[in-house]
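Remarks on the overall topology
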Amino acid sequence: ALCEAAEVSKGSFYHSFGSKEALGLAVLDHYLAGVGKRLDAGSHSTIEDPREQALAFLDHLVAVGARVWFSGCVLGSFALDLAQTSPAIRKAVAERFDAVAEGYARSLEPLFAGPDAIERARELAEHYLVIVEGSIVLAKSYRDPSYVTRALERFRREVREAAGVAV
C-alpha cells in the first residue's frame, strides 16, 4: 500500500530503504527534524543572554506546544507500537529520546548555577518528555489540545521555581 501511494515499485522502495525498519527510522528522523525546526523557530533564538533565552524557550514551548503535538508524537507512537516488536526500533527510539532530552537539558542549563546545573537541567528535561507524552495521550483521548498547553504551562512554572525565577 505504501509503494502504491508513493507510486514507486517495491524494488525502488527496498533500494532506497532496505527494510521496513529503515523506512521507519527515516520517518522518525524526518519527524524529529520538523519538530526541531518548529521549536527552534521562536523568538528565543535571537536572544543573546543564555538565561533569558532559556526562559523565552519555555514561553515558546507553551505557545506552540498544542499545535506541534495535538495530533501526536511519532517518537512516542513508535515507542508504544513498535518497540516491543523490533529491537532495532526500540534502540533507535531510546537513542532519539536521549538526544531530545539532552537538547532540552542544554536549553535549560543556563537557568541553574553550580556544579550540578547540567544534572538539574537533565532531570527537568526528562520530566519534560514525560509531561509532553502524557499530555498528548490526554489531549487525544479528550480531543482537547488544551491538555498539552496546560501541562506545558505547569512545567514552565516548575522550571521557573526550580531556577529561582519569579513565576
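Read on for a plain summary of the structure. Keep in mind that what you see is a predicted model, and the values were worked out from it rather than measured.

1. Digging into helix α6 (residues 87–108)
- With 22 residues, α6 extends 31 Å from end C-alpha to end C-alpha; this agrees with the ideal 32 Å at 1.5 Å per step.
- Within α6, burial applies to Ile89, Ala92, Val93, Arg96, Phe97, Ala101, Tyr104, Ala105 and Leu108.

2. Re the packing of aromatic side chains
- Throughout the structure, instances matching the rule amount to 5 aromatic pairs.
- Ring geometry for Trp69 and Tyr128: centres 6.4 Å apart, planes at 70 degrees, overall edge-to-face. Placement of the pair is Trp69 in helix α4 (residues 50–69) and Tyr128 in helix α7 (residues 117–142), with a sequence separation of 59 residues. The residues Trp69 and Tyr128 share a single accessibility class, namely buried.
- Relative to Phe155, the ring of Tyr128 lies with its centre 5.2 Å away and its plane at 50 degrees, an arrangement referred to as tilted. In this pair, Tyr128 sits in helix α7 while Phe155 sits in helix α8 (residues 146–162), placing the two residues 27 residues apart along the sequence.
- With relative accessibility at 2%, the residue Phe155 sits in the buried group.
- Three or more aromatic residues joined by ring pairs form one cluster here, namely Phe57, Trp69, Tyr104, Tyr128 and Phe155.
- Across from the ring centre of Tyr147, 4.5 Å away, lies the NZ or CZ of Arg150, which sits over that ring.

Conventions used here
- Residues numbered from 1 in each chain as written.
- Predicted model: local features only at pLDDT ≥ 70, side-chain atom pairs only at ≥ 80, totals over all residues.
- Heavy atoms only, no water.
- Helix = DSSP H or I, 4+ residues; strand = E, 2+ residues; numbered from the N terminus.
- Expected span 1.5 Å × (residues − 1).
- Buried < 20%, exposed > 50% of the residue type's maximum accessible area, 1.4 Å probe, protein only.
- Phe/Tyr/Trp six-rings, centres within 6.5 Å; stacked < 30°, edge-to-face > 60°.
- Lys NZ or Arg CZ within 6 Å of the ring centre and 35° of its normal.

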